[in-house]
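# Survey of secondary and tertiary structure
So the chains spell out like this:
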Amino acid sequence: AVVVAAILLSLAVPSLREFMARQRVKAINAELVTDLQFARSGSVARKLRVVIGFRTDNDQLTCYTIETVPPPRTVPDPRCDCTKPLGTACDGMGDIVELKTVQVPRSTTVTLQPPDAPANFVLFEDRRGQATPADFQVTIASSISGKLRTATNALGRPQVCSPDGSIGGVPGC
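Presented here is an overview of the structure given in this document. The structure displayed is predicted, hence computed values, not measured ones.

This part is about the sheet that holds strand β4 (residues 110-113). The sheet built from four strands is open, its strands ordered β4-β7-β8-β9 with antiparallel pairing. Looking at which strands have only one partner, the edges of the open sheet turn out to be β4 and β9 (158-161). When the angles between neighbouring strand axes are averaged without regard to direction, this sheet yields 20°. With four bridges connecting them, strand β8 (residues 147-152) and β9 associate as antiparallel partners. When the sheet's bridge partners are listed, A151 is paired in β9 with Q159.

Printed below as a string of structure tokens:
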């Protein structure tokens, strides 16, 4: 009986680990989708451009900050540092307002992967919430199991797909 239980447990543990990894990917992606919608609607409501800037160059975490882009700043790239403690990412940045910072510790096995070039940010315009670049994509992946890609279209609306089909109930890319 002990041997049978050990065999069953050895089969179930990897499946449970993969299930938990996929659930983390889905949860972090759901938060990202909500934050993209928040930034888009916030840009129109505040009549300010809003940018979401991503950082992946930290050994401890990947992260993003949602921040306002006050006029007359012409360079829309993010200025805040999402690796700082939450609520302090934009300290000392003048009229830039930190709306939200999200940190994903690498210890969760999940990472955010924005495009490397030309920009690792998406900007929402203040009139209609349109996104620049129009084809911005972020991949959220676990080193164990699970990968989702969230893209914004020209209107700033997020769309989610699974590039490797590892997340059920999500269309393939």
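That was the structure; now back to the text.
Attention now goes to the side chain of T152. Position of T152 relative to the elements: it lies in strand β8. Beyond its immediate sequence surroundings of up to four residues, T152 is in contact with L36, V122, F124, A131, P133, A134, D135, F136, R157 and P158.

In this section: a nonpolar patch on the surface. Taken together, the side chains of V3, V4, I7, L8 and L11 make up a nonpolar region of the molecular surface, amounting to roughly 510 Å² of accessible area. Residue placement: V3 occurs in helix α1 (residues 2-46).

The next thing to look at is the nonpolar core. One broad trend across soluble globular proteins is that nonpolar side chains are buried collectively. Judged by nonpolar contacts, the single largest core of 22 residues is most densely connected at I52, F54, Y64 and I140. Those elements that provide at least two residues to this core are α1, β1 (49-55), β2 (61-69), β3 (98-105), β4, β5 (121-124) and β7 (137-142). It is α1 that provides the largest number of residues to this core, a total of five residues. With near-sequence residues (within four places) excluded, I52 lies in contact with D35, L36, A39, Y64, T65, I66, N120, F121, V122 and F124. Core analysis: the next-biggest nonpolar cluster, separate from the first, contains five residues, V51, V69, A119 and L123 among them.

Okay, the packing of aromatic side chains next. Here the structure, examined in full by the defined rule, presents two aromatic pairs. Between F54 and Y64 the ring centres are 5.2 Å apart and the planes differ by 45°, which places this aromatic pair in the tilted class. In this pair, F54 is assigned in strand β1 and Y64 in strand β2, connecting sequence segments ten residues apart. Judged by relative accessible area, F54 falls into the buried class, the value being 3%. Taking relative accessible area as the criterion, Y64 reaches 1% and is therefore assigned buried. Through a chain of ring-to-ring contacts, three or more aromatic side chains come together here, namely F54, Y64 and F136.

On to the pattern of salt bridges. All told, the structure shown has four salt bridges when counted by the stated rule. A salt bridge links D35 to K100, with the nearest nitrogen and oxygen atoms 2.9 Å apart. Remark: K100 occurs in strand β3 and D35 occurs in helix α1; sequence separation between them is 65 residues. For K100, a relative accessible area of 27% gives the class partly exposed. Taken together, the shared-partner salt bridges connect E31, D35 and K100 into one network.

The rules behind each value
- Residues numbered from 1 in each chain as written.
- Predicted model: local features only at pLDDT ≥ 70, side-chain atom pairs only at ≥ 80, totals over all residues.
- Heavy atoms only, no water.
- Pairing = 2+ DSSP bridges.
- Helix = DSSP H or I, 4+ residues; strand = E, 2+ residues; numbered from the N terminus.
- Axes fitted to C-alpha atoms, helices over the stretch in contact; angles between N-to-C directions.
- Contact = heavy atoms within 4.5 Å.
- Patch = residues over 30% accessible without salt bridge, like charges linked within 9 Å, V, L, I, M, F, W, Y side chains within 5 Å.
- Areas by Shrake-Rupley, 256 points an atom, 1.4 Å probe, with all protein chains shown as cover.
- Salt bridge = Lys/Arg side-chain N within 4 Å of Asp/Glu carboxyl O.
- Core = buried A, V, L, I, M, F, W, Y, C linked by side-chain atoms within 4.5 Å.
- Buried < 20%, exposed > 50% of the residue type's maximum accessible area, 1.4 Å probe, protein only.
- Phe/Tyr/Trp six-rings, centres within 6.5 Å; stacked < 30°, edge-to-face > 60°.

Remember that the coordinates give geometry; whether it matters functionally is a separate question.
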